[in-house]
Number of protein chains: 2
Amino acid sequence: IINAEKSEFNEDQAACGQLAIRRCEFGADEDQEWLTLCPEEFLTGHYWALFDGHGGPAAAILAANTLHSCLRRQLEAVVEGMVATQPPMHLSGHSICPSDPQFVEEKGIRAEDLVIGALESAFQECDEVIGRELEASGQVGGCTALVAVSLQGKLYVANAGDSRAILVRKDEVRPLSSEFTPETERQRIQQLAFVYPELLAGEFTRLEFPRRLKGDDLGQKVLFRDHHMRGWSYKCVEKSDLKYPLIHGQGRQARLLGTLAVSRGLGDHQLRVLDTDIQLKPFLLSVPQVTVLDVDQLELQEEDVVVMATDGLWDVLSNEQVARLVRSFLPGNREDPHRFSELAQMLIHSTQGKNDGLTEEGQVSYDDISVFVIPLHSQGQRSSGH
Amino acid sequence: IINAEKSEFNEDQAACGQLAIRRCEFGADEDQEWLTLCPEEFLTGHYWALFDGHGGPAAAILAANTLHSCLRRQLEAVVEGMVATQPPMHLSGHSICPSDPQFVEEKGIRAEDLVIGALESAFQECDEVIGRELEASGQVGGCTALVAVSLQGKLYVANAGDSRAILVRKDEVRPLSSEFTPETERQRIQQLAFVYPELLAGEFTRLEFPRRLKGDDLGQKVLFRDHHMRGWSYKCVEKSDLKYPLIHGQGRQARLLGTLAVSRGLGDHQLRVLDTDIQLKPFLLSVPQVTVLDVDQLELQEEDVVVMATDGLWDVLSNEQVARLVRSFLPGNREDPHRFSELAQMLIHSTQGKNDGLTEEGQVSYDDISVFVIPLHSQGQRSSGH
C-alpha cells in the first residue's frame, strides 16, 4: 500500500515482482574467453522495494524502475557461484591451486555472501544510474531504499535509509533492518569531515554539542564529542565552535549539514546546502546493510509476516504496536484472500487517527507512508532452479 | 598473574591499584577563571590493566607506568560532571541557557558517558606519551591495552587490541570486550587505504582475496571484497591484484601489511614494513572500545568474577572452558584467601599441558599469558565520595 499525504505529489515509490535470474555460459575461443546469458530462467526470486523520496519524487521513481534490473544483472554475474555447494575461488570453474576450496572454506564464504555482495553492488550501480539520469533530465532529488529479496529459501533485507522491516511471528518480533540517519552514523560522518575538512568549507563545525553554541558560551567548558568518541567530554569553547554543527538536532529533527534527515540512500548527487556550494553527497552512502533471514530454518506458521514500511509508520507505531495490530487482525480474517493488503491499509489508517485507541495519545503522522505486508508461509518452500 | 613464555624477556605487562580522583575547584579573578585540584581524594576507583607487547617490552612497560596517570588526569578534569545527577552543559556550573538540562537530557548524556570519554582520551594521551618517550630513548615497540575500572558502582572495560575480558557467574558467561585485529577491522583499514592509497606506496593491494593471487590467476574471475562490502563478489584479476594484500592470512595468522596481528593498541609510532618506508601507525587506532557493566544492578554472588587475559589464554581456551574452570575451582577453595590468584595461576597452567584433560586435545600455548581474576562481590558496594 502506497499512501500519499505529505506532499501534493507522493514522494514514496514501491516495486515488487519476480526476479528471473538467468545463467551465464562460459566458452573460450583461441584468444579470448566469452560468456553469454542462456535465455531461459535459471533461478527465481521475489523482490519487494520501498523508496522514500525527498526533494521531489524523481530519484524514487528512477529507483523503483531500475534497482531490480541492477540486482538481476549483479545476481546473474555470480549465479554459478550461488548454486554451488560452496562458491568456487574461480567463477569459471578453472582450478589454479588445489587447495582453493580450503581457502574459501577458511574465509567462511557461503552462497549467501554472493547475494549480499550482489545487493551491495546493485545499490551502488543504481545510484550511478540515478546520478546520470537526473543530470541528463535536469531533475533533482534523492530517496531511501529498503529491499527484501526471497531467494533459495532465504530472505535478504537490504536497507539504505530510515525505512524499516520487521519479522512478526506469534511469539516473536525481530528487527530485520536498522536505520541510517545523521545520528546513527555520527562517527562515520564526523570522521570524514576530520579527514577532509574542506568538505565543510569553513561554514560548519565537525564537533557535536548538546545544543548550538552562542557567544555567551565562549571560553566556557561545555559537553562535546568528536569522531573518535562514543563517550562525552568537556572542551573550552572557541570561536570556531560557534559555527553551525555538521549534525544538528535530535531524533526526527536531526539533520546532516542542516539539510538532510538520512545518511544513506540513492540520488542527491546535486544536493547542496542552501545558498552555498557545500555538497551533501560525499557524506552519503549508497551501500545498504544486508541482513539474512533463514526462512527455511524457521518453523513457519500461516500468520508469520514481514512488515516493511517507510519512516512515517515507525514515527507513530513501535515494533511492538505493529506486532499487536498484526496479531489482532490476521486471525479474524483467515478467509479473506486480501487480508495481507488490508492489514497494510489498516496499519496506515492507524497512523491517521482513523483507528482510535491503537496509537498512544492518538499520535498522527502527516508523512507519506508505504507498507508491504509479506506472508512468509508460502515463501517457505525453496525456490527451485531448472 | 604475569607469565613469561614466548620471549627471553616477557612482553606482557600489567598494573593494578586504587585510582584516587581529586576534585577541581573553580574560581574567578577579575579577568580570568582558574581551577585548582583540592589535595584530598574525592572519588575512589579501582584499576586493572593488561598490556601485551610486541617488538620488545618497551611500549608495554611505558603503558603500565603511565596509563593510570593519564586516566586519573582525564577523570579529574570531568569529575564535577560525573557526580552530578546529570552531567551539566557547563562544567563550571554556569548556566547560559535555561533549557540546557533539557538539551543534555535529550542527548541521553549520563555520568557514565564522561567516564567512557575519559577512558577514550586517556588511551590517546598515553599513546602520545609513549610515542615521545620511545623516540627520546631510541626504543621501539607497541602493545595492546585492556583496562578495567571500577567506579561509582560500575565496571568499565576499555579494550584496544586482542586481549579479552569476560564476566563469569554461576549461570552466565558474558563477554565484556571484543577483539580488534586486521580481520575484525578489515573494512575500516581497507577504507583508509581507499582514501589514502599513498599509504600502500604501490606495494600492497587493498582488496581481499581468499588467498594470495599468482600469475596463473591473471584474467580469471576470482572471489574478492573491497572496503564497502560485507558480502563477496567476483572480479577479473589484473596485474595490480597480484601485489601482497593489505590484510593477509586467517585467524591467528592474519597480519596487517604482513607485519602486525592487531589493529588497535599503543605505541608502534616508528613501525615500518620490513625493508620499506611503509608505516603501520596510520592504520592503528589507540581509541579503545568501552563497555559498561552495571555491577550495582547485578545480584552478585560470592563467586562472580571477571577474567581478563591476554590473547594467549583465549587461543587455547574458549569463554565456556574458562567459565567451567572457574566454576570447578572456586567452590572447593572457599577458605583460601588466595584462591583468586591461584585460579589465575591454574588458568595459565591449563594452557601449558600441565592440567591434562582440561583443554581439547591438550592444546598448548607458547605465547606470554597474563591473567587477572577479579572478584566482583566486594566491589558491589558503591565507592563513596567524601
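Chain A has the name PPM1M phosphatase in an unreviewed UniProt entry, where Crocuta crocuta is given as its organism.

## A look at the overall build of chain A
Regarding its fold elements, chain A presents seven helices and 18 strands. Taken over 386 residues, chain A has a buried fraction of 55%. Across chain A, the fraction of contacts at a sequence separation of at least 24, relative to all contacts at a separation of at least 6, is 69%. Summed over all atoms, the accessible surface of chain A reaches about 16800 Å², with 47% contributed by carbon and sulfur.

## Examining the pattern of salt bridges
Residues and elements named next belong to chain A. Under the definition given, this model contains 56 salt bridges over all chains. With its nearest N and O atoms 2.9 Å apart, the salt bridge here joins lysine 281 to aspartate 127. Residue lysine 281 is found in the loop between strand E15 (266-267) and strand E16 (289-293), and its partner aspartate 127 is found in helix H3 (residues 111-137); the two are separated by 154 residues along the sequence. Aspartate 127 shares its class with lysine 281; the two are buried.

## A closer look at the sheet that holds strand E18 (residues 369-375) of chain B
All names here are of chain B. Taken together, the five strands give an open sheet; going across it, the order is E1-E18-E17-E7-E8, and neighbouring strands pair in antiparallel fashion. Two strands lie at the open edges of the sheet, namely strand E1 (2-3) and strand E8 (172-175), each paired on one side alone. Summarising the sheet, strand E17 (residues 305-309) and E18 pair through five bridges and their orientation is antiparallel. Looking across to E18, one finds that valine 306 is bridged to isoleucine 374. On the sheet, helix H6 (residues 319-329) packs against strand E7 (164-169), E8 and E17 and is oriented at approximately 45° with respect to E7. Those strands touched by helix H7 (residues 339-349) are E1, E17 and E18, and its axis lies near 150° from that of E18.

## Some words on the domain arrangement of chain A
Segmentation of chain A into domains returns domain 1 (2-26 + 41-93 + 109-176 + 286-354 + 364-375) and domain 2 (185-261). Taking only C-alpha atoms, the centre of domain 1 of chain A and the centre of domain 2 of chain A are 33 Å apart.

## Topic: unusual backbone geometry
Across the chain, the bulk of peptide bonds are trans and the bulk of non-glycine residues have phi less than zero. Although it is not a glycine, leucine 257 of chain A sits at a positive phi angle of roughly 50°. Tracing the chain through its elements places leucine 257 of chain A in the loop between strand E14 (255-256) and E15. A relative accessible area of 1% means that leucine 257 of chain A is categorised as buried. Even without a glycine there, the phi angle at alanine 201 of chain B is positive, about 50°. Within the secondary structure, alanine 201 of chain B is located in the loop between helix H4 (186-195) and strand E9 (204-205). Judged by its relative accessible area of 47%, alanine 201 of chain B is partly exposed.

## With respect to the environment of valine 373 of chain B
Within the fold, valine 373 of chain B resides in strand E18. Spatially, the C-alpha atom of valine 373 of chain B lies 26 Å from that of leucine 114 of chain B, the residues being 259 residues apart in sequence.

## Some remarks on the interface of chain A and chain B
If you look at the interface, chain A gives 49 residues, while chain B gives 49 residues. Between chain A and chain B lies a buried interface of about 4600 Å² when both sides are counted; carbon and sulfur atoms form 57% of it. At the junction of chain A with chain B, the criterion picks out four salt bridges. Summed over the shared surface of chain A and chain B, the result is 28 residue pairs in polar contact (both at pLDDT 80 or more). Broken down by secondary-structure element, the contributors of at least two residues to the side of chain A that touches chain B are helix H1 (58-82), helix H2 (100-106), H3, strand E10 (221-224) and strand E11 (233-236) of chain A. For the side of chain A that touches chain B, the class distribution of residues is 25 nonpolar, 12 polar and 12 charged.

So, how was this worked out
Residues numbered from 1 in each chain as written. Chains lettered and ligands numbered in written order. Predicted model: local features only at pLDDT ≥ 70, side-chain atom pairs only at ≥ 80, totals over all residues. Heavy atoms only, no water. Helix = DSSP H or I, 4+ residues; strand = E, 2+ residues; numbered from the N terminus. Buried < 20%, exposed > 50% of the residue type's maximum accessible area, 1.4 Å probe, protein only. Contact = heavy atoms within 4.5 Å. Areas by Shrake-Rupley, 256 points an atom, 1.4 Å probe, with all protein chains shown as cover. Salt bridge = Lys/Arg side-chain N within 4 Å of Asp/Glu carboxyl O. Pairing = 2+ DSSP bridges. Axes fitted to C-alpha atoms, helices over the stretch in contact; angles between N-to-C directions. Domains from an automatic or database assignment. Buried area = accessible area lost by both parts, 1.4 Å probe. Polar contact = N/O pair within 3.5 Å; in protein donor to acceptor, adjacent residues only side chain to side chain. Nonpolar A, V, L, I, M, F, W, Y, C, P; charged D, E, K, R; others polar.

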